[in-house]
Amino acid sequence: MTKAQEIAYDLREQILSGALSGGEALPSESKMMSQYGYSRETIRAGVRLLIEEGLVVTGQGQGKYVREDYPPVVWNWTTLESRSRHANAVEGRTAGDQWASAIAENGNAPRQEISVSIVVPPPHVRERLGLPADGLAVVRKRIRFIDNRPYALADSYFPQELVVGTPLMEPRDVSAPGGILASVGLVQAKYVDEISVRMPTHQEAEQLGLPAATPVAEHTRTGYDADDRPLRCMVTILPGDRHKILYEVSTD
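Treat the numbers as computed from the prediction; the structure is a model and nothing was measured.

Rules of the game
- Note on numbering: residues in each chain are counted from 1, in written sequence order.
- A pLDDT threshold of at least 70 governs which residues receive local features in this predicted model, and a stricter bar of 80 or more applies before side-chain atom pairs are shown or counted, although totals over entire chains, interfaces and linings include all residues.
- Side-chain metrics rest on all non-hydrogen atoms present in the structure, leaving aside hydrogens and water.
- Like charges within 9 Å and nonpolar side chains (Val, Leu, Ile, Met, Phe, Trp, Tyr) within 5 Å are joined into patches, using only residues over 30% in relative accessible area that form no salt bridge.
- Residue exposure ignores everything except the shown protein chains as possible cover, and the areas themselves are Shrake-Rupley values with a 1.4 Å probe.
- Take a side-chain nitrogen of Lys or Arg and a carboxyl oxygen of Asp or Glu: if they are within 4 Å of each other, that pair is a salt bridge.
- Runs of E in the DSSP output that reach at least two residues are strands. Runs of H or I that reach at least four are helices, and both are numbered from the N terminus.
- Only protein chains enter the calculation, and the probe is 1.4 Å; a residue is then buried if its accessible area is under 20% of its type maximum, exposed if over 50%, and partly exposed in between.
- Strand pairing follows a simple DSSP-based rule, namely that at least 2 bridges must link the two strands.
- Definition used in this section: a nonpolar core is a set of buried Ala, Val, Leu, Ile, Met, Phe, Trp, Tyr and Cys residues joined via side-chain atoms within 4.5 Å.
- Any two residues whose heavy atoms approach within 4.5 Å are treated as being in contact.
- An expected span of 1.5 Å times one less than the residue number is assigned to each helix.
- The arc in question is the one traced by the directions running from the helix axis out to the C-beta atoms.
- Axis definition: a line fitted to C-alpha atoms, limited for helices to the stretch in contact. Angles are taken between N-to-C directions and run from 0 to 180 degrees.
- Note that the term roughly parallel is reserved for angles under 35 degrees, roughly antiparallel for angles over 145, roughly perpendicular for angles of 65 to 115, and oblique for everything else.
- For any helix crossing, the convention is left-handed if the near helix is rotated counterclockwise from the far helix by under a right angle, and right-handed if that rotation is clockwise.
- Note on residue classes: Ala, Val, Leu, Ile, Met, Phe, Trp, Tyr, Cys and Pro are nonpolar, Asp, Glu, Lys and Arg are charged, and everything else, Gly too, is polar.
- Of the grid points, spaced at 1 Å and generated over the protein atoms alone, those admitting a 1.4 Å probe that cannot get out make up cavities, while open sets with protein on both sides within 12 Å along at least five of seven lines make up pockets; any residue with an atom within 4 Å of a point is treated as lining.
- Grid points are joined across faces, edges and corners, and a volume is the space filled by probe spheres set on the points.

Asker: Sorry if this is basic, but what is going on with a nonpolar patch on the surface here?
Answerer: Taken together, the side chains of Ile195, Val197, Ile245, Tyr247 and Val249 define a hydrophobic patch exposed on the protein surface, amounting to about 480 Å² of accessible area. Mapped onto the secondary structure, Ile195 falls in strand E7 (residues 190–198).

See the structure below:
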């Protein structure tokens, strides 16, 4: 190993063993120069390797810190938007929409920053909604927080003509018996899910406070009515360091 790799190896072992815990500051450069007997530039090169791996992040000023662990959230996409969970909303056992309800049931505090606008949707969303090239969609953009830490982005797109004048135009948590769409006569009979894994865009990384080398899962769920008409396309961005996606699939 080079000298920089040697430093990175030793610090990595301390992080993985828990000797250096999440959120803890690394030893100062002066202290590491004394410990390892290498120059300041060599110390910086070793730490830089861990920053590129995503194990170390840069704090305010010149501080370097061990990447903080996020308690993982399990998304059970089999039941998250089921009719049975919507029925619970009627009985007042939810904390807003279904995501917020699931988080609250786990003993955590959900919060969302919501904006609503009318847009020309991205090409892949336009395709799934069956819109023409100049077709418009209503989008509800949400940054989702758990215990005041950003965990996910969720953008729901609807054909404009279907939802104008409904509560979905309101920039806040909304719910209704059976779901908002169902309450206005638009019942989702099935979902089609797609999952891809990629690196985040610059904007996504900023919104979610992602350290370097953090991949995200992009989960796209399109909801259809009984006649296979698309009613909604929801695109959820899930950082890989704080989420698990669960499906229960019947073998029939």
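Asker: In this structure, what is going on with the pairing of strand E8 (residues 216–224)? I would like to understand it.
Answerer: Put simply, side chains in a regular strand alternate between the two faces of the sheet. Counted residue by residue, E8 has nine buried out of nine residues, so it is predominantly covered. The two faces of E8 match: Val216, Glu218, Thr220, Thr222 and Tyr224 on one face and Ala217, His219, Arg221 and Gly223 on the other face are all buried. Here nine bridges tie E8 to strand E9 (residues 230–239), and the two strands are oriented antiparallel to one another. Across the sheet, Ala217 pairs through a bridge with Leu238, a residue of E9. Here E8 hands over to E9 after five residues, with Asp228 in that stretch at a positive phi of 65°.

Asker: Hey, could you run me through the pairing of E9 in this one?
Answerer: Counting buried positions along E9 yields ten of ten residues, so the element is predominantly enclosed. Pairing of strand E6 (residues 149–159) with E9 involves five bridges; the strand directions are antiparallel. In the sheet register, Leu153 faces E9, and the bridge partner there is Ile237.

Asker: What is the right way to read the nonpolar core from this model?
Answerer: Generally speaking, a soluble globular protein has its nonpolar side chains buried in company with each other. Counting 15 residues, the largest nonpolar core has Val125, Leu129, Tyr157 and Ile237 as the members making the most contacts within it. The set of elements that each furnish at least two residues to this core consists of helix H6 (123–129), strand E5 (137–146), E6 and E9. Element by element, the count of residues in this core is highest for E5, at four residues. Beyond its immediate stretch of four places on either side in the chain, Leu129 contacts Ala137, Tyr157, Phe158, Pro159, Pro230, Leu231, Arg232 and Cys233.

Asker: It is not clear to me how helix H1 (residues 3–17) should be interpreted in this structure. Could you clarify?
Answerer: Note: α-helices contain 3.6 residues per turn, so residues at a spacing of three or four share the same orientation. An ideal rise of 1.5 Å per residue puts 21 Å on 15 residues; H1 measures up with 21 Å between its terminal C-alpha atoms. When we look at burial in H1, the residues that qualify are Ala4, Ile7, Ala8, Leu11 and Ile15. Down the axis, H1 shows its buried residues gathered within 95° of arc, on one side only. Residues of H1 that are exposed and angled more than 90 degrees away from the buried face: Leu16 and Ser17. Next to the buried residues of H1 lie helix H2 (29–36), helix H3 (40–53), strand E1 (56–58) and strand E2 (64–66). Following H1 by one or two positions, Gly18 has its phi on the positive side, about 95°.

Asker: Looking at this structure, I do not really get the side chain of Thr222. What am I missing?
Answerer: The topology assignment puts Thr222 in strand E8. Apart from the residues lying within four places of it in its own chain, the contact partners of Thr222 are Arg128, Lys190, Tyr191, Val192, Pro230, Arg232 and Cys233.

Asker: Sorry if this is basic, but what is going on with the packing of H1 against H3 here?
Answerer: A packed helix pair is summarised by two numbers, namely the angle formed by the two axes and the spacing between the axes. Packing of H1 against H3 brings their axes to within 8 Å, and their N-to-C directions diverge by 55°. By the criterion of interaxial angle, the relationship of H1 to H3 is oblique. H3 is crossed by H1, and the crossing has right-handed handedness. Side by side, H1 and H3 meet where Lys3, Ala4, Gln5, Ile7, Ala8, Leu11, Arg12 and Ile15 of the first sit next to Thr42, Ile43, Ala45, Gly46, Val47, Leu49, Leu50 and Glu53 of the second. Of the residues that constitute the contact of H1 with H3, the class distribution is ten nonpolar, three polar and three charged.

Asker: Even after reading the chapter, I still don't get the sheet that holds E8, so can you show me in this structure?
Answerer: The strands making up a sheet associate through hydrogen bonds between their backbones, and the pairing can be parallel or antiparallel. The strand order across the open sheet formed by six strands is E4-E5-E6-E9-E8-E7, and the pairing between neighbours is antiparallel. In this open sheet, the two strands that pair with only one neighbour each are strand E4 (110–119) and E7. Neighbour-to-neighbour, the strand axes of this sheet turn through a mean angle of 15°, independent of strand direction. In terms of strand pairing, E7 meets E8 through nine bridges, oriented antiparallel. Among the inter-strand pairings, Val197 is bridged to a residue of E8, identified as Ala217. Across the sheet, helix H5 (residues 98–105) touches E4 and E5, and the angle it forms with E4 is around 170°.

Asker: Help me understand the layout of surface pockets in this model?
Answerer: The rolling of a water-molecule-sized probe over the atoms marks out the regions of remaining empty space. Put simply, the second largest pocket is a space of about 330 Å³. Together, 20 residues line the second largest pocket, and Lys141, Leu153, Asp155, Glu204 and Gln207 are the ones closest to its centre. Sorting the residues of the lining of the second largest pocket by element identifies E4, E5, E6, helix H9 (202–208) and E9 as the ones contributing at least two each. Top contributing element to the lining of the second largest pocket by residue count: E6, with four residues.

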